[in-house]
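# Secondary and tertiary structure notes
Chain by chain, the residues run as shown.
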Amino acid sequence: VQLKQAGLTLEKGCKYRMKFKVASTSARTIKVAFLTDSYDWYGGDDIALSEKEEKEVEFEFEVNKDTCNGITFVVSMGKIEGANTPASKITLSNFSLVKVTE
């Protein structure tokens, strides 16, 4: 299962801060990523979740690739090889992406 937001612009040489809240009915891992249509990775993280606890996620990343106007933000909530990913209900809220440096 994936949640996608397409059409974002990420600029080369800029640093960004991503924030959101997430909760899961089971302890598990999810992945978040900023990708092009050809799956070129611009940033992201693996997020470990505890059972029935809301977690506030915050991470920063710097874009070292060319500026791209067609970035898709993806939250992967399915099976992740090598990670604990049981079936669960996952709640996501309060997304924020802020450019922190030019």
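Data block above holds the structure.
Calculation notes
- Residues numbered from 1 in each chain as written.
- Predicted model: local features only at pLDDT ≥ 70, side-chain atom pairs only at ≥ 80, totals over all residues.
- Heavy atoms only, no water.
- Salt bridge = Lys/Arg side-chain N within 4 Å of Asp/Glu carboxyl O.
- Helix = DSSP H or I, 4+ residues; strand = E, 2+ residues; numbered from the N terminus.
- Buried < 20%, exposed > 50% of the residue type's maximum accessible area, 1.4 Å probe, protein only.
- Pairing = 2+ DSSP bridges.
- Axes fitted to C-alpha atoms, helices over the stretch in contact; angles between N-to-C directions.

## Digging into the pattern of salt bridges
If you walk through the whole model with that rule in mind, you get seven salt bridges. One salt bridge in this structure joins Asp66 and Lys12, with 3.8 Å as the shortest N-O distance. Here the residue Asp66 occupies a position in the loop between β5 (55–62) and β6 (68–76), and Lys12 occupies one in the loop between β1 (2–10) and β2 (15–24), the gap between them amounting to 54 residues. With a relative accessible area of 54%, Asp66 lands in the exposed category. For Glu60, the salt bridge goes to Lys15, with nearest N and O atoms at 3.9 Å. With a gap of 45 residues between them, Glu60 in strand β5 and Lys15 in strand β2 connect regions that are remote in the sequence. What you see here is one network of salt bridges that share partners, running through Lys15, Arg17, Glu58 and Glu60.

## Digging into the sheet that holds β5
The strand order across the open sheet formed by three strands is β5-β2-β7, and the pairing between neighbours is antiparallel. Strand pairing shows two members of the sheet lacking a second neighbour, β5 and β7 (90–101), which therefore form its edges. Here the strands of the sheet are splayed against their neighbours by 15 degrees on average, with no regard to which way each runs. Where β2 and β5 come together, eight bridges link them in antiparallel fashion. Its bridge partner being in β5, Lys19 is matched across the sheet by Glu58.

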